[in-house]
Amino acid sequence: MMFSTFFALAAQSPTRQRAFRRAAVAHLLVLAGAVWLLVRQGPSGSPAFLGHLSLALGIIEGAVLVGWRLTQMPKSQALEFLLVSPLRPHWLFVHEAAVGLAQLALITLAGLPVLALLVAVGLLDPLDPIPLLIMPFTWGAVVGLGLTAWAYEGVTIRRWGERATLALVVFYLAVGVLAGENLKRWLDGMPFGLGATFLQTFMAFHLYNPFGMIQYWMDWGAEVAWEKTAWLEAATALTAGLMLARGAWRLQSHFRELHYQPIALRRGEVRPPVGEWPLSWWAVKRVTRYSG
């Protein structure tokens with residue numbers, strides 16, 4: 001009963017209807033353009049291009065329909081009335097996430113007639129639409145829920161996460177730029193077989209990602225690739241479930257941190273003066289931090 005209420009409110013909201021329609025139209029237009037290019041290329045064209053584009057669309061749509069809505073929701077103080085209602089905060093998050101995931105699923109399924117037409121004309125195998133529909137949805141859900149869980153985390157965790165991400169980027173660039181063609185020789189010189197382990201890990205990362213798996217499916221077919229694809233999708237669904245649980249757990253705490261936790265000055269930092277217009281100064285600070 002409660003789920004139907006959230007879906008009814010989403011269907012009656014003009015802004016959410018507008019966002020959903022725009023996303024559906026954009027999805028179909030981009031997919032139609034990709035199909036036109038594939039048809040123009042003829043037998044020499046690679047369907048993997050269509051899969052990569054579908055994945056990119058799913059990730060963007062998941063970030064917009066799921067991530068944006070859920071990350072903006074705690075910024076409004078009107079949410080406090082729902083947080084003290086009989087509906088518990090974690091179920092509020094789950095209901096809102098379900099609405100966004102349903103919209104993402106509908107937009108993904110909007111491309112099914114186009115894929116069916118490609119199967120009918122022989123440009124796709126009969127089983128190729130399965131990963132072209134499931135993988136954009138699941139990875140869009142992971143991105144949307146992952147962005148939400150990240151936004152809900154405390155300042156300390158996000159700060160250390162940013163540092164770790166920056167360190168990984170620097171490491172990747174260092175390996176790519178400094179090692180280059182000498183990478184294999186460097187790996188062979190590592191003791192205890194660490195070089196082979198590192199190389200196998202790199203190759204697994206190169207394959208077991210959504211874009212690599214779509215390429216693998218399109219190159220080798222469903223009979224060869226279905227098992228690896230199923231394992232990857234199982235891990236993706238598990239990750240989405242963990243992100244959903246983490247976001248639901250952190251909703252109320254994140255709301256309190258946004259609106260009630262005092263912002264402490266850093267050591268040695270000087271707070272800028274308010275000036276002669278204190279109300280204007282506070283209005284600017286309030287609007288730039290909170291959307292509600």
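Residues numbered from 1 in each chain as written. Predicted model: local features only at pLDDT ≥ 70, side-chain atom pairs only at ≥ 80, totals over all residues. Heavy atoms only, no water.

## Some remarks on the overall build of the chain
Moving on, step 1. Looking only at helices and strands, one finds 13 helices and zero strands in the chain.
Moving on, step 2. The N-to-C order of helical and strand elements in the chain reads α-α-α-α-α-α-α-α-α-α-α-α-α.
Moving on, step 3. Among the 292 residues that make up the chain, the fraction classed as buried is 35%.
Moving on, step 4. A separation threshold of at least 6 residues defines the contact pool for the chain, and within that pool the share at least 24 residues apart is 75%.
Moving on, step 5. Of the roughly 18,500 Å² of accessible surface on the chain, a fraction of 70% belongs to carbon and sulfur atoms. (Helix = DSSP H or I, 4+ residues; strand = E, 2+ residues; numbered from the N terminus. Buried < 20%, exposed > 50% of the residue type's maximum accessible area, 1.4 Å probe, protein only. Contact = heavy atoms within 4.5 Å. Areas by Shrake-Rupley, 256 points an atom, 1.4 Å probe, with all protein chains shown as cover.)

## Topic: the packing of helix H3 (residues 48–72) against helix H7 (residues 129–152)
Moving on, step 1. Closest axis-to-axis distance for the H3/H7 pair is 7 Å, and the angle between their directions is 35°. Note on packing geometry: the crossing formed by H3 with H7 is right-handed. Residues Leu50, Gly51, Ser54, Leu55, Gly58, Ile59, Gly62, Ala63, Val66, Gly67, Leu70 and Thr71 of H3 form the contact with H7, whose participating residues are Leu132, Met135, Pro136, Trp139, Gly140, Val143, Gly144, Leu145, Leu147, Thr148, Ala151 and Tyr152.
Moving on, step 2. Its residues assigned to classes, the contact of H3 with H7 shows 15 nonpolar, nine polar and no charged. (Axes fitted to C-alpha atoms, helices over the stretch in contact; angles between N-to-C directions. Left-handed = near helix turned anticlockwise from the far one by under 90°. Nonpolar A, V, L, I, M, F, W, Y, C, P; charged D, E, K, R; others polar.)

## Remarks on the pattern of salt bridges
Moving on, step 1. Following the criterion strictly, the structure yields four salt bridges and no others.
Moving on, step 2. A salt bridge links Arg16 to Glu96; the nearest nitrogen and oxygen atoms lie 3.4 Å apart. Of the two residues, Arg16 is situated in helix H2 (residues 14–41) and Glu96 in helix H5 (residues 89–109); the sequence distance between them amounts to 80 residues.
Moving on, step 3. The exposure class assigned to Glu96 is buried, which follows from its relative accessible area of 9%.
Moving on, step 4. Its salt-bridge partner being Glu96, residue Arg69 comes within 3.4 Å of it at the nearest N-O pair. Separated by 27 residues along the polypeptide, Arg69 in helix H3 and Glu96 in helix H5 bring together distant segments of the chain.
Moving on, step 5. Using a relative accessible area of 34% as the deciding quantity, one classes Arg69 as partly exposed. (Salt bridge = Lys/Arg side-chain N within 4 Å of Asp/Glu carboxyl O.)

## Topic: a nonpolar patch on the surface
Moving on, step 1. A surface patch of nonpolar side chains, about 310 Å² in accessible area, is lined by Trp36, Leu37 and Phe49.
Moving on, step 2. Following the sequence through the fold, Phe49 ends up in helix H3.
Moving on, step 3. According to the relative accessible area criterion, Phe49 is partly exposed, its value standing at 41%. (Patch = residues over 30% accessible without salt bridge, like charges linked within 9 Å, V, L, I, M, F, W, Y side chains within 5 Å.)

## What to know about the packing of aromatic side chains
Both the distance between ring centres and the angle between the ring planes are used here to describe each pair of aromatic rings.
Moving on, step 1. Inspection of every chain in the model, using the stated rule, returns one aromatic pair.
Moving on, step 2. Look at Phe93 and Tyr152: their rings are 5.8 Å apart centre to centre, the planes differ by 65°, and that puts the pair in the edge-to-face class. Pair noted here: Phe93 is in helix H5 and Tyr152 is in helix H7, with a separation of 59 residues, a long-range link.
Moving on, step 3. For Phe93, a relative accessible area of 0% corresponds to the buried category.
Moving on, step 4. Arg163 extends its terminal NZ or CZ atom over the ring of Trp160, reaching a point 4.6 Å from the ring centre. (Phe/Tyr/Trp six-rings, centres within 6.5 Å; stacked < 30°, edge-to-face > 60°. Lys NZ or Arg CZ within 6 Å of the ring centre and 35° of its normal.)

## Overview of the nonpolar core
Moving on, step 1. Counting residues in hydrophobic clusters, the biggest one holds 22 residues, and the most contacted among them are Leu50, Leu115, Leu118, Leu132 and Met135.
Moving on, step 2. Going through the elements one at a time, H2, H3, helix H6 (112–120), H7, helix H11 (210–220) and helix H12 (222–259) are the ones with two or more residues in this core.
Moving on, step 3. A per-element tally of this core places H11 first, with five residues.
Moving on, step 4. If sequence neighbours within four positions are ignored, Leu50 has contacts with Leu31, Ala34, Val35, Leu38, Leu115, Leu118, Leu124 and Leu132.
Moving on, step 5. Phe6, Leu70, Tyr152 and Ala248 belong to the second-largest nonpolar core, a separate cluster that totals 19 residues. (Core = buried A, V, L, I, M, F, W, Y, C linked by side-chain atoms within 4.5 Å.)

## Things to note about the side chain of Glu233
Moving on, step 1. Tracing the backbone shows Glu233 in helix H12.
Moving on, step 2. Of the side chains with opposite charge, Lys228 lies nearest to the buried Glu233, which makes no salt bridge, at 15 Å.
Moving on, step 3. The contacts of Glu233, once residues within four sequence positions are left out, are Ile134, Met135, Thr138 and Trp139. (Lys, Arg positive; Asp, Glu negative; His and termini not counted.)

## So, the environment of Thr138
Moving on, step 1. Tracing the sequence through the fold places Thr138 in helix H7.
Moving on, step 2. Not counting the four nearest positions on each side in its chain, Thr138 is found in contact with Glu233 and Thr236.
Moving on, step 3. Within the structure, Thr138 has its side chain in polar contact with the side chain of Glu233 (distance 2.7 Å). (Polar contact = N/O pair within 3.5 Å; in protein donor to acceptor, adjacent residues only side chain to side chain.)

## Thoughts on the confidence of the model for the chain
Moving on, step 1. When pLDDT is averaged along the chain, the result is 83, and 80% of the positions lie at 70 or above.
Moving on, step 2. Element-level pLDDT for the chain is lowest in helix H13 (residues 278–289), with a mean of 64, against a maximum mean of 94 in H7. (pLDDT = per-residue confidence, 0-100.)

## Considering the packing of H7 against H11
Moving on, step 1. Remark: H7 packs on H11, axes separated minimally by 11 Å, with the N-to-C direction vectors making an angle of 175°. The angle between H7 and H11 falls in the class roughly antiparallel. Note on element contacts: H11 touches H7 through Pro210, Met213, Ile214, Trp217 and Met218, opposite Pro131, Leu132, Met135 and Trp139.
Moving on, step 2. Looking at side-chain class alone, the contact of H7 with H11 contains nine nonpolar, no polar and no charged residues. (Parallel < 35°, antiparallel > 145°, perpendicular 65-115°, else oblique.)

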